[in-house]
Structure formats: C-alpha cells, structure tokens
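The primary structure of each chain is shown beneath.
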Amino acid sequence: MRLATLLAEEPRSQPVTDWAARIGWVVGLILFIALVYWLMREGWKWRGQLQSGIPDLPPIPEETGQVRLELTGRYHGTTAAGQWLDRIVAHGLGVRSRVELTLTEQGLAVVRPGAADFFVPAAHLRGARLDKAIAGKVLTEGGLLVVTWAHGGAEYDSGFRSDHAAEHAAWVAALGAPTTENAPADAAASTADSTTTEGTR
C-alpha cells in the first residue's frame, strides 16, 4: 500500500505536444481555404465570361434634369430580373459597395465609390419593390429596395439599402410596381387565348 501511495504521489510529466501533427493540420486547413477561394474566383471569372454579351452600361450624363429623389446607402448586387440568386458580375455589377442614388427626370444615376458608376435612362426603368434578399444577401423583410431595369434586351434587379430604410417607400411610390415591356403583349395574347377558348365551347 505504501509503495502504491508513493508511486501515485510521484510527479508526472506533461504530455508531449505532437507538433508535426498540429502543423500538418494547420497547413491542411490553409490549403483548403486557398482551394475554396480559388474555386470562388474561377467561378466568378466563368460567370463573367458567360455574361460578356451584356453591353457596356451607360455613363452618367452631365445634365440629368431635375432631381426627384436621393438616397445614400449600400449597393448589394444585381441579378437577372425575378431570379434573386442569378448574380450578374459583368461590368462590375457584382461588386458590393457604398452607393449614392439619384432619381431625376432623365433616369437613375448610380454612383458607387470604389466601383463603376452607371446610369439607367428613365425609359428603361421598370419599377421598384421592397424585398429581403438578393444575390446571397439576406436582410429583414422589406429591408431591401429592388429596382428593376432593362438593358441590352434583358431585365435586371438591383438591390439597394438606404442608410434610412424608411426612405424605401418613397422610391417604390415614385418608380411604381415592377413591369416589363412584354407585359401588354402577354396580356393581349392571354386575352386572345381566352376568347378563342370560349368561342370553341
């Protein structure tokens, strides 16, 4: 018993750190992160190549007419209209940044410090709505101002968030509910189909 007690009281050495294994794990983690970053970068470049057919965005004209609304906040990205996950990266539209929006008689001026500015002529504005998500960015319900616009034969949704979210409602009221150029034609076609169906009954 006394021997067992003495053995129990003997100081024990601290466990030896396996530095080779620890360094291996750290290196492996760094390589994994680098691989993920590279895949994301290649995916971004690939998406940009697919969208190379999108024409250059109009520059902001020197004279834009009377100012109707102004907003400062964040630009969260652009997607194909109605497809909140289909991010557009061509011409710098995929770059998130601060933004200054100005709605004038001639259209919408989008000024982005650190990214390319662009202009949407009034004839190309399709409307605006309140939403909560776009291109991987999720906010509270109604926390995002989404402006729908046309360019190069296609339509896009751009997401903005004002520094004062209460301003969003005024933009929706000014721009109206989103519409498309083809809406009247589609409606006419639908009416014609309905008339034909009723006539065959």
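The present account deals with the structure reproduced in this document. (Residues numbered from 1 in each chain as written. Predicted model: local features only at pLDDT ≥ 70, side-chain atom pairs only at ≥ 80, totals over all residues. Heavy atoms only, no water.)

Quick word on the overall build of the protein chain
No. 1: The helix and strand tally for the protein chain stands at four helices and nine strands.
No. 2: Counting from the amino terminus, helix and strand elements in the protein chain follow one another as α-α-β-β-β-β-β-β-β-β-β-α-α.
No. 3: Looking at the protein chain as a whole, 30% of its 201 residues qualify as buried.
No. 4: Within the protein chain, contacts between residues at least 6 apart in sequence are counted, and of these 61% link residues at least 24 apart.
No. 5: Accessible area for the protein chain stands at about 13000 Å²; split by element, carbon and sulfur atoms hold 59% of it. (Helix = DSSP H or I, 4+ residues; strand = E, 2+ residues; numbered from the N terminus. Buried < 20%, exposed > 50% of the residue type's maximum accessible area, 1.4 Å probe, protein only. Contact = heavy atoms within 4.5 Å. Areas by Shrake-Rupley, 256 points an atom, 1.4 Å probe, with all protein chains shown as cover.)

Digging into the environment of Gly77
No. 1: Its location among the elements puts Gly77 in strand E1 (residues 67-80).
No. 2: Under the relative-accessibility criterion, Gly77 is labelled buried at 0%.
No. 3: Residues Gly77 and Ser97, spaced 20 residues apart in sequence, show a C-alpha to C-alpha distance of 8.8 Å.
No. 4: Setting aside residues up to four positions removed in sequence, Gly77 forms contacts with Leu93, Ile134, Asp157, Ser158 and Gly159.

A look at the nonpolar core
Soluble globular proteins: nonpolar side chains tend toward being buried together.
No. 1: Counting residues in each nonpolar core, the largest one holds 24 residues, and the members touching the most others are Leu101, Leu108, Leu125, Val147, Trp149 and Trp171.
No. 2: Among the secondary structure elements, those contributing two or more residues to this core are E1, strand E2 (97-104), strand E3 (107-111), strand E4 (118-121), strand E5 (125-131), strand E8 (144-151), strand E9 (154-162) and helix H3 (168-175). (Core = buried A, V, L, I, M, F, W, Y, C linked by side-chain atoms within 4.5 Å.)

Quick notes on the packing of aromatic side chains
In this description, an aromatic ring pair is defined by two values, namely the gap between the centres and the angle between the planes.
No. 1: For the structure shown, the criterion picks out three aromatic pairs.
No. 2: An angle of 45° between the planes, with centres 5.3 Å apart, marks the rings of Trp149 and Tyr156 as tilted. For the residue pair Trp149 and Tyr156, the accessibility class agrees, reading buried in each case.
No. 3: An aromatic cluster of at least three residues, connected via ring pairs, comprises Phe118, Trp149 and Tyr156.
No. 4: Directly above the aromatic system of Tyr75 lies the positively charged group of Arg112, at a separation of 4.6 Å from the ring centroid. (Phe/Tyr/Trp six-rings, centres within 6.5 Å; stacked < 30°, edge-to-face > 60°. Lys NZ or Arg CZ within 6 Å of the ring centre and 35° of its normal.)

Some points on a nonpolar patch on the surface
No. 1: Taken together, Trp19, Ile23, Val27 and Leu31 make up a surface patch of nonpolar side chains, about 440 Å² in accessible area.
No. 2: Along the chain, Trp19 turns up in helix H2 (residues 19-50). (Patch = residues over 30% accessible without salt bridge, like charges linked within 9 Å, V, L, I, M, F, W, Y side chains within 5 Å. Salt bridge = Lys/Arg side-chain N within 4 Å of Asp/Glu carboxyl O.)

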